[in-house]
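# Coordinate analysis (summary)
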Amino acid sequence: MAHDHDHHHDHPDHAHGSSLTPIEARVRALESLLLEKGYVQADALDALVEMYETRIGPHNGARVVARAWTDPAYRERLLADGTPAIAELGIGGRGGEHMVVVENTADSHNLVVCTLCSCYPWPVLGLPPVWYKAPPYRARAVLDPRGVLAEFGLTLPEATRITVWDSTAETRFMVLPLRPAGTESLSEAELAALVTRDSMIGTGQPLTPETAQ
Amino acid sequence: MNGAQDLGGAHGFGTVMPEANEPVFHSEWERRVFALALAVGYTGTWTLDGSRAARESLPPAEYLSASYYEIWLAALEAQIVAHGLATQEEIAAGASAGPASPVKRVLRAEEIPPRFSAGFPSDRPPDAPALYAVRDPVLTRNDHPIGHTRLPRYVRGRRGVIERIHGAFVLPDASAERRDAPPQWLYTVGFEATELWGASADPGGRVTVAAFEGYLLPGTPQ
């Protein structure tokens with residue numbers, strides 16, 4: 001949003017706040033109030049932002065997928081009970097207390113949505129992208145999943161059955177995508193680099209060694 | 001409640017607009033709203049379900065025209081006032097005009113990593129056996145509660161099948177209001193897309209929801 005510099009430069013009494021948009025001023029006021037009341041601490045707010053902006057993200061889920069692709073026993077544990085299997089890799093916590101991992105196969109595809117709000121598996125995927133929380137996706141994923149996937153550039157064969165998982169409780173869903181062909185010689189870390197966020201939501205497929213270039 | 005949040009199956013919202021290389025936050029104020037909502041939530045003054053209820057209680061026109069973090073901000077301000085943490089006047093002024101209310105706890109930076117990686121599980125020991133078993137047919141209740149609930153309209157009054165049993169969980173309908181209620185069994189219920197959407201369904205498609213036992217009635221095999 002454009003800053004409103006021009007109108008206020010000549011007014012000394014506005015000099016401090018004049019560059020704030022209305023919502024920036026509103027949030028700043030709320031934060032000041034809550035700090036003053038002692039309900040929140042500034043360093044804790046900074047630490048929360050830092051954690052979700054830099055440390056928790058889809059790179060975590062990618063490690064889970066790559067392990068499942070390379071370790072059949074791990075894949076079985078992951079599909080049978082997601083939360084403890086994900087915890088084996090040191091991943092878990094808020095927004096992922098009750099994980100369910102669903103597997104794509106040659107003729108079935110899974111797609112995750114939260115039609116009622118924005119439920120999303122934070123520990124493995126981070127905070128959700130805007131489109132996941134916005135009305136177009138929430139409205140249409142359950143009614144017209146094939147049309148939604150086409151908007152992501154993903155066209156599935158007609159014979160592929162799509163299951164849509166609506167995240168209506170504290171169970172959180174992650175898709176285990178199909179391992180791309182031609183990746184037999186890749187290491188677990190190299191495989192993890194092929195796993196995209198969208199492939200774990202179901203709105204995309206993993207990269208291949210060719211598309212990853 | 002049948003609010004603007006219950007979007008499944010709605011038409012007219014246009015195409016999905018993925019953003020390439022999307023940042024986690026789009027501006028500094030979004031970072032602050034996110035952190036404030038989590039940190040004030042941690043005081044234990046309300047529940048996560050209470051926050052969801054506050055967000056979906058925004059007037060539909062406001063809900064649908066606001067951005068995601070604008071919705072969070074409006075709901076947070078409303079909850080702060082409703083629960084007596086501050087007054088509307090104090091929020092408008094951005095300054096305290098009286099003593100703080102006592103809260104259960106205040107989030108400290110050093111406890112974030114252990115506390116957030118442990119998470120806040122919402123499963124509870126069941127106080128009764130599960131009524132349904134995997135593969136049982138069920139019928140979802142056609143109910144329209146005015147308070148918070150987690151059965152979307154598009155699956156109400158529909159025939160489905162129990163696919164998974166997740167255990168007993170805190171019931172959001174009660175938790176949103178801090179009302180005591182026994183934990184309820186939570187199931188994955190699967191529906192054929194045709195049961196939900198008729199001729200408009202994706203051929204061969206299926207939709208599942210996570211449904212609490214109280215949302216369900218015994219069904220008849222399809």
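Every value quoted in this text rests on a predicted model; they were computed, and no experiment measured them.

The next thing to look at is the overall build of chain B. For chain B, the count of helices and strands is eight helices and five strands. In chain B, the succession of helices and strands from N to C terminus is α-α-α-α-α-α-β-β-α-β-α-β-β. Seen through its principal axes, chain B has C-alpha atoms that stretch 60 × 45 × 35 Å. Expressed as a percentage of its 222 residues, the buried residues of chain B come to 48%. Across chain B, every contact between residues at least 6 apart in sequence was considered, and the portion connecting residues at least 24 apart equals 68%. Charged side chains in chain B number 20 positive and 26 negative. The centres of these two groups are separated by 5 Å.

Before going further, it helps to spend a moment on the UniProt feature "binding site: Fe(3+)" (unreviewed entry) in chain A. Summarizing the sequence annotation, UniProt attributes the feature "binding site: Fe(3+)" (unreviewed entry) to Cys114(A), Cys117(A), Ser118(A) and Cys119(A) in the numbering used throughout. Note on placement: Cys114(A) falls in the loop between β2 (108-113) and α7 (122-125). In contact with Cys114(A), not counting residues within four places along its chain, are Cys119(A), Tyr132(A), Arg138(A), Asp166(A), Ser167(A) and Arg150(B). Positionally, Cys119(A) belongs in the loop between β2 and α7. What Cys119(A) contacts, discounting residues up to four positions off in sequence, is Cys114(A), Tyr132(A), Ser167(A), Ala169(A), Arg172(A), Arg52(B) and Arg150(B).

What follows is about the packing of helix α2 (residues 48-56) of chain B against helix α4 (residues 68-82) of chain B. All names here are of chain B. Their axes nearest at 8 Å, the elements α2 and α4 cross at an angle of 110°. Taken as axis vectors, α2 and α4 run roughly perpendicular relative to one another. Judged by the twist between their axes, the crossing of α2 over α4 is right-handed. Seen from α2, the contacting residues are Gly50, Ser51, Ala54 and Arg55; seen from α4, they are Ile71, Trp72, Ala75 and Gln79. Its residues assigned to classes, the contact of α2 with α4 shows four nonpolar, three polar and one charged.

In this structure's numbering, the residues bearing the UniProt feature "domain: Nitrile hydratase beta subunit-like N-terminal" (unreviewed entry) are residues 1-110 of chain B. Structurally, residues 1-110 of chain B is divided into 46% helix and 0% strand, and its ends, taken at the C-alpha atoms, are 38 Å apart.

Next up on the list: the sheet that holds strand β1 (residues 137-140) of chain B. Read across the open sheet, the seven strands follow the order β2(A)-β3(A)-β4(B)-β3(B)-β2(B)-β1(B)-β5(B); overall the sheet is mixed. Edge positions in the sheet fall to β2 of chain A together with β5 (216-218) of chain B, since each of these pairs with one other strand and no more. When strand polarity is set aside, the average angle formed by the axes of neighbouring strands in this sheet is 35°. As paired elements, β1(B) and strand β2 (residues 159-169) of chain B share three bridges and run antiparallel to each other. Within the sheet, the bridge partner assigned to Val138(B) lies in β2(B) and is Gly160(B).

Conventions used here
- Residues numbered from 1 in each chain as written.
- Chains lettered and ligands numbered in written order.
- Predicted model: local features only at pLDDT ≥ 70, side-chain atom pairs only at ≥ 80, totals over all residues.
- Heavy atoms only, no water.
- Helix = DSSP H or I, 4+ residues; strand = E, 2+ residues; numbered from the N terminus.
- Buried < 20%, exposed > 50% of the residue type's maximum accessible area, 1.4 Å probe, protein only.
- Contact = heavy atoms within 4.5 Å.
- Lys, Arg positive; Asp, Glu negative; His and termini not counted.
- Charge placed at Lys NZ, Arg CZ, Asp CG, Glu CD.
- UniProt positions renumbered as here; feature names shortened; annotations may be inferred.
- Axes fitted to C-alpha atoms, helices over the stretch in contact; angles between N-to-C directions.
- Parallel < 35°, antiparallel > 145°, perpendicular 65-115°, else oblique.
- Left-handed = near helix turned anticlockwise from the far one by under 90°.
- Nonpolar A, V, L, I, M, F, W, Y, C, P; charged D, E, K, R; others polar.
- Pairing = 2+ DSSP bridges.

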